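In case you want the letters, here they are:
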Amino acid sequence: MNKITKCLILSACIMLGLPWLAVTFVQGSSGMAVVFLLFFAADPVFSVINGISAGEDMGKCWWLPVIPPIFFLLGTWIFFDPGETTFLLYAGIYLILGLCAMYITNYVRNRTR
């Protein structure tokens, strides 16, 4: 399996699967804590890791940092509140984090050659 396919599958699992798991199995105020962990820890960290992976081969993978925010919007609009515009802010931040990580990784990699 190549790197692009792995990133796509992992993005779908994290950005679509984890919200589904939170909604399905965690109830009450614990659910809110899990959602906060997703929005403020797991999703941003994954966006940065995805950006780092894309920065290693920016010529082929320049579009990979766009995929997690799209899957994030799909997941939150399907499982939480359809059409909620606040999730656009989170998706924008995840996109910025992924793009910055990609460009920094590419810069460091080209500078060290």
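Residues numbered from 1 in each chain as written. Predicted model: local features only at pLDDT ≥ 70, side-chain atom pairs only at ≥ 80, totals over all residues. Heavy atoms only, no water.

A.B. asks: Let's hear about the packing of helix α4 (residues 67-79) against helix α5 (residues 86-111): which residues, and what values?
C.D. replies: Remark: α4 packs on α5, axes separated minimally by 9 Å, with the N-to-C direction vectors making an angle of 155°. Taken together, the axis directions place α4 and α5 in an arrangement best described as roughly antiparallel. Taken as a pair, α4 and α5 cross one another with a handedness that is right-handed. Counting all contacts with α4, which are made through Pro-69, Phe-72, Leu-73, Thr-76 and Trp-77, the residues of α5 involved are Phe-87, Leu-88, Tyr-90, Ala-91, Tyr-94 and Leu-95. Split by residue class, the contact of α4 with α5 holds 10 nonpolar, one polar and no charged. (Axes fitted to C-alpha atoms, helices over the stretch in contact; angles between N-to-C directions. Helix = DSSP H or I, 4+ residues; strand = E, 2+ residues; numbered from the N terminus. Parallel < 35°, antiparallel > 145°, perpendicular 65-115°, else oblique. Left-handed = near helix turned anticlockwise from the far one by under 90°. Contact = heavy atoms within 4.5 Å. Nonpolar A, V, L, I, M, F, W, Y, C, P; charged D, E, K, R; others polar.)

A.B. asks: Describe the environment of Tyr-94, with residues and values.
C.D. replies: The topology assignment puts Tyr-94 in helix α5. Residue Tyr-94 is classed as buried on the basis of its relative accessible area of 2%. Separated by 46 residues in sequence, Tyr-94 and Val-48 place their C-alpha atoms 8.0 Å apart. What Tyr-94 contacts, discounting residues up to four positions off in sequence, is Leu-38, Phe-39, Asp-43, Pro-44, Ser-47, Pro-69 and Phe-72. Here the side chain of Tyr-94 touches Phe-39 through a polar contact of 2.6 Å, landing on its backbone oxygen. (Buried < 20%, exposed > 50% of the residue type's maximum accessible area, 1.4 Å probe, protein only. Polar contact = N/O pair within 3.5 Å; in protein donor to acceptor, adjacent residues only side chain to side chain.)

A.B. asks: Before we move on, could you go through the nonpolar core and cite the residues and values that matter?
C.D. replies: Membership of the largest hydrophobic core comes to 15 residues, with the highest contact counts inside it found for Met-15, Phe-39, Phe-72, Phe-87, Tyr-90 and Tyr-94. Elements supplying a minimum of two residues to this core: α1 (3-25), α2 (29-55), α4 and α5. Residues in contact with Phe-72, not counting those within four places in the same chain, are Met-15, Phe-39, Asp-43, Phe-87, Tyr-90, Ala-91 and Tyr-94. If you look at the next biggest cluster of nonpolar residues, it comprises five residues, including Cys-7, Ala-54, Cys-61 and Leu-64. (Core = buried A, V, L, I, M, F, W, Y, C linked by side-chain atoms within 4.5 Å.)

A.B. asks: An account of the confidence of the model for the protein is needed here, citing residue identities and associated values.
C.D. replies: For the protein, the average pLDDT comes to 92, and 99% of its residues sit at 70 or higher. Model confidence for the protein, summarised as mean pLDDT per element, is weakest for helix α3 (residues 58-61) at 90 and strongest for α5 at 95. (pLDDT = per-residue confidence, 0-100.)

A.B. asks: Explain the packing of aromatic side chains residue by residue, including any values.
C.D. replies: A full pass over the atoms with the stated rule returns 12 aromatic pairs. Aromatic pair Phe-39 and Phe-87: ring centres 5.8 Å apart, planes at 75°, arrangement edge-to-face. Of this pair, Phe-39 sits in helix α2 while Phe-87 sits in helix α5; the two residues are 48 residues apart in sequence, bridging distant segments of the chain. Its relative accessible area of 10% is what places Phe-87 among the buried residues. Aromatic pair Phe-72 and Phe-87: ring centres 6.1 Å apart, planes at 85°, arrangement edge-to-face. A residue pair is termed long-range when its members are at least 10 positions apart, and Phe-72 in helix α4 and Phe-87 in helix α5 qualify at 15 residues. The exposure class of Phe-72 is buried, given its relative accessible area of 1%. Aromatic ring contacts, followed pair by pair, group Phe-36, Phe-39, Phe-40, Phe-72, Phe-80, Phe-87, Tyr-90 and Tyr-94 into a single cluster. (Phe/Tyr/Trp six-rings, centres within 6.5 Å; stacked < 30°, edge-to-face > 60°.)

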